[in-house]
Amino acid sequence: TCNSIAVLPPELRRRFQLGTFFFDIPSKEENEMIWNMYKNKYNLTSQEIPSSIGWTGAEIESCSRMAAEFDMSLVEASQYIVPIAKSAPEIVDSLRQQASGKFLNASNSGVYEYYPLETISSPRSRGTFQKLKRKVGDE
């Protein structure tokens, strides 16, 4: 895998004989499947899935791992996640635009086509760092 294929020389890229796939920000359905996978892995199956529009699979896993390790709910753990699509939207959008028409779509058949992401917003409550600090200090 590679976050920026442009840095790979063409002689290496030509070795990808089965195609080069672009993995976009997960769709709502993909997002739910990823949550279910990590809820099972971290034994959080009874917990509510927090709002996670624009989250990557790695961010969903981080949230799940944090909830399990610090004995908190997924909703509470989600307060400590800032998705890359929100913290660096220009970079994410640039990568998505660069991939358009050049790579296969990992989610659907055919070539990846760029479309603008919806505005990503998730309200954050105050004092969440203090809550995490207390939980870590209790162990």
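Above this text sits the structure in question.
Now for a look at the structure at hand. Because the structure is a prediction, the values reported are computed rather than measured.

Helix and strand content of the protein: 7 helices and 2 strands. Starting at the N terminus and ending at the C terminus, the protein contains elements arranged as α-β-α-α-α-α-α-β-α. Counting the 139 residues in the protein, one finds 31% classified as buried. Here the contacts in the protein between residues at least 6 apart in sequence split such that 56% fall between residues at least 24 apart. With the model as given, the accessible surface of the protein reaches about 9,400 Å², and the carbon-plus-sulfur share is 53%.

Considering all chains together, one arrives at 3 aromatic pairs under this definition. Consider the rings of F22 and Y112, whose centres lie 4.5 Å apart with planes at 50°: the pair is tilted. Taken as a pair, F22 in strand 1 (residues 21–22) and Y112 in the loop between strand 2 (104–105) and helix 7 (128–138) lie far apart in primary sequence, 90 residues in all. When sorted by exposure, F22 lands in the same class as Y112, which is buried.

Here the focus is helix 3 (residues 57–69). Here helix 3 is 13 residues long and its end C-alpha atoms lie 18 Å apart, about the 18 Å a rise of 1.5 Å per residue gives. For helix 3, the secondary structure elements touched by its buried residues are helix 2 (28–41), helix 4 (74–77) and helix 5 (84–87). Downstream of helix 3 by one or two residues, D71 has phi in the positive range, about 50°.

Another aspect to go through is the packing of helix 2 against helix 3. In helix packing, the relevant descriptors are the interaxial angle and the interaxial distance, both defined with respect to the helix axes. Running from N to C, helix 2 and helix 3 cross one another at 35°; their axes reach a closest spacing of 9 Å. Judged by the twist between their axes, the crossing of helix 2 over helix 3 is right-handed. In this structure, helix 2 uses N31, I34, W35, Y38 and K41 to contact helix 3, whose residues at the interface are G57, I60, E61, C63 and S64. Residue composition of the contact of helix 2 with helix 3, by class: 5 nonpolar, 3 polar and 2 charged.

What follows is about the pattern of salt bridges. Two side chains carrying opposite charge are able to pair once their charged atoms lie near each other. Tallied over the entire structure, the rule returns 3 salt bridges. Put simply, D24 and R96 hold a salt bridge, and the shortest N to O gap is 2.7 Å. Here D24 is found in the loop between strand 1 and helix 2, whereas its partner R96 is found in helix 6 (residues 89–99), with 72 residues between them in sequence. Here the two residues D24 and R96 agree in accessibility, since each one is buried. With a closest N to O distance of 3.8 Å, D93 and R96 form a salt bridge.

A separate point is unusual backbone geometry. The phi dihedral of N43 falls on the positive side, at around 55°, and the residue is not glycine. Mapping N43 onto the fold places it in the loop between helix 2 and helix 3. Positive phi, normally seen in glycine, also occurs at D71, with a value near 50°. For D71, the position within the fold is in the loop between helix 3 and helix 4. By relative accessible area, which is 65% here, D71 ends up exposed.

Cut-off values and rules
- Residues numbered from 1 in each chain as written.
- Predicted model: local features only at pLDDT ≥ 70, side-chain atom pairs only at ≥ 80, totals over all residues.
- Heavy atoms only, no water.
- Helix = DSSP H or I, 4+ residues; strand = E, 2+ residues; numbered from the N terminus.
- Buried < 20%, exposed > 50% of the residue type's maximum accessible area, 1.4 Å probe, protein only.
- Contact = heavy atoms within 4.5 Å.
- Areas by Shrake-Rupley, 256 points an atom, 1.4 Å probe, with all protein chains shown as cover.
- Phe/Tyr/Trp six-rings, centres within 6.5 Å; stacked < 30°, edge-to-face > 60°.
- Expected span 1.5 Å × (residues − 1).
- Axes fitted to C-alpha atoms, helices over the stretch in contact; angles between N-to-C directions.
- Left-handed = near helix turned anticlockwise from the far one by under 90°.
- Nonpolar A, V, L, I, M, F, W, Y, C, P; charged D, E, K, R; others polar.
- Salt bridge = Lys/Arg side-chain N within 4 Å of Asp/Glu carboxyl O.

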